[in-house]
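Overview (structure and organization)
Listed here are the chains, written in short residue letters.
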Amino acid sequence: MMIELIAVLTAVRGDVPQVMTIDHGRQLPSGPLESTHRSLQAGVRAWVERQTGHPIGHVEQLYTFADHDRILATTQGRMIAISYLALTRSHAGETGWRDWYDYFPWENCKGDEGRTSLALIERLLCHWVAGMGHPAERVRQWQRCVSLFAIGDMVAWNDELVLQRYELLYEAGLVAEAGCPPDRAVPGQSMHHDHRRILATAMARLRARIRYRPVVFELMPEAFTLLHLQRVMESLSGVHVHKQNFRRLIMQQQLVEETGEIEENTGGRPARLFRFCGEVRQARQFVGTKIPLVQP
């Protein structure tokens, strides 16, 4: 049995959520647990720095994958993958950073590419379900498709179901990782092994956490405008945020404080600069920060 350590490093550059990759974007930083590693976290840090040159700070365990189909080609033994999520800041000149939505274009409901991808996925899922022989199975699977991809007007889009949507597409044979030919697969760059599945898990975890804990401060510069903060929230969730409700909630919960400085280079009127208040910077477990999301 082999233990593989996999890191999902997430940063936001501008308004674009990014993930650190290796092998021309086809893999996440990863490597086996070695006898010289004093702990699992030490091992994942070592592999990240060795493969990307990017040191990481706080990491949290994401999920342990021990599926039977994770087989080693050399020993035919079982592989256990332990994944970690780390929030960081990207730096100019670093290579390896890729846009989240290169891999999951349908998860970005704010742009035309996302909406086009969803329309295509709906047609492909309709065809998949129609080919099922048993009527009850067709009904069950179509209800699943409707629920996960918010097909029609009766179901709201749930941005946290990233992994469930990917798993459905995998089951339907519509992604390259499931053996689908490139000309028939849904849009989105594939990854080796099950690394896109692990990335989907990380995206879902982070989307859930930004609602209840201000972990986004780890992705922000020291000073920022409220519009910048809003756009980062929108980029991570993939949906639009209600501007006035967002600002009112942020101010009511005393998450930020003014720096006393002004940002002149906004493309419009100068804007006040803010920073996260001391309590937020010191406590990662700060609760009660649900952000107001609106339907795409």
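Residues numbered from 1 in each chain as written. Predicted model: local features only at pLDDT ≥ 70, side-chain atom pairs only at ≥ 80, totals over all residues. Heavy atoms only, no water.

Some thoughts on the overall build of the protein chain
When you go through the protein chain residue by residue, the secondary structure sums to 9 helices and 8 strands. Looking at the 296 residues of the protein chain, the share that counts as buried comes to 48%. Long-range pairs, those at least 24 residues apart, make up 64% of the contacts in the protein chain with a sequence separation of at least 6. Carbon and sulfur atoms make up 50% of the accessible area of the protein chain, which totals about 14800 Å². (Helix = DSSP H or I, 4+ residues; strand = E, 2+ residues; numbered from the N terminus. Buried < 20%, exposed > 50% of the residue type's maximum accessible area, 1.4 Å probe, protein only. Contact = heavy atoms within 4.5 Å. Areas by Shrake-Rupley, 256 points an atom, 1.4 Å probe, with all protein chains shown as cover.)

Observations regarding unusual backbone geometry
The backbone phi angle of D23 is positive, close to 55 degrees, even though this residue is not glycine. For A150, which is not a glycine, the phi torsion comes out positive at approximately 50 degrees. Along the polypeptide, A150 turns up in the loop between α4 (135-149) and α5 (162-171).

Section: the nonpolar core
In this structure, L125 and F149 are the most contacted members of the largest nonpolar core, which totals 66 residues. When residues in this core are grouped by element, the largest group, 8 residues, is from helix α6 (residues 195-212). Listed in part, the 14 residues of the second largest apolar core include A11, I80, I82 and W97. (Core = buried A, V, L, I, M, F, W, Y, C linked by side-chain atoms within 4.5 Å.)

A few points about the packing of aromatic side chains
Summed over the entire model, instances satisfying the criterion amount to 6 aromatic pairs. Note on F104 and Y166: the rings are 6.0 Å apart at their centroids and 80 degrees apart in plane angle, and the pair reads as edge-to-face. Within this pair, whereas F104 is found in the loop between α2 (100-103) and α3 (112-130), its partner Y166 is found in helix α5, the two being separated by 62 residues in sequence. In this structure, F104 and Y166 share a single accessibility class: buried. These aromatic residues form a ring-pair network of at least three members: F104, W106, Y166 and Y170. A cation over a ring is seen here: R196 above F104, with NZ or CZ 5.7 Å from the ring centre. (Phe/Tyr/Trp six-rings, centres within 6.5 Å; stacked < 30°, edge-to-face > 60°. Lys NZ or Arg CZ within 6 Å of the ring centre and 35° of its normal.)

Some details on α3
The terminal C-alpha atoms of α3, which comprises 19 residues, lie 27 Å apart, in line with the 27 Å expected from a rise of 1.5 Å per residue. Looking only at α3, the buried set comprises G114, S117, L118, I121, L125, W128 and V129. Taken end-on, α3 shows its buried residues confined to a sector of 100 degrees, consistent with a single buried face. Opposite the buried face of α3, by more than 90 degrees, sit the exposed residues D112, T116, R123, H127 and A130. Among the structural elements, α4 and α5 are those in contact with the buried residues of α3. (Expected span 1.5 Å × (residues − 1). Arc of directions from axis to C-beta.)

Concerning the environment of A11
Position of A11 relative to the elements: it lies in strand β1 (residues 2-13). Its relative accessible area of 0% is what places A11 among the buried residues. Here the alpha-carbon distance between A11 and M220, two residues 209 residues apart in the chain, equals 8.9 Å. Those residues in contact with A11 that lie beyond four places of it in its chain are V16, P17, Q18, T88, R89, S90, W97 and L219.

A closer look at the packing of α6 against helix α7 (residues 226-237)
The N-to-C vectors of α6 and α7 enclose an angle of 145 degrees; their axes lie 9 Å apart at closest approach. Considering the relative orientation of α6 and α7, their crossing is left-handed. Taken together, the residues of α7 that come into contact with α6 (itself represented by L206, R207 and I210) are M233, L236 and S237. For the contact of α6 with α7, the per-class residue count stands at 4 nonpolar, 1 polar and 1 charged. (Axes fitted to C-alpha atoms, helices over the stretch in contact; angles between N-to-C directions. Left-handed = near helix turned anticlockwise from the far one by under 90°. Nonpolar A, V, L, I, M, F, W, Y, C, P; charged D, E, K, R; others polar.)

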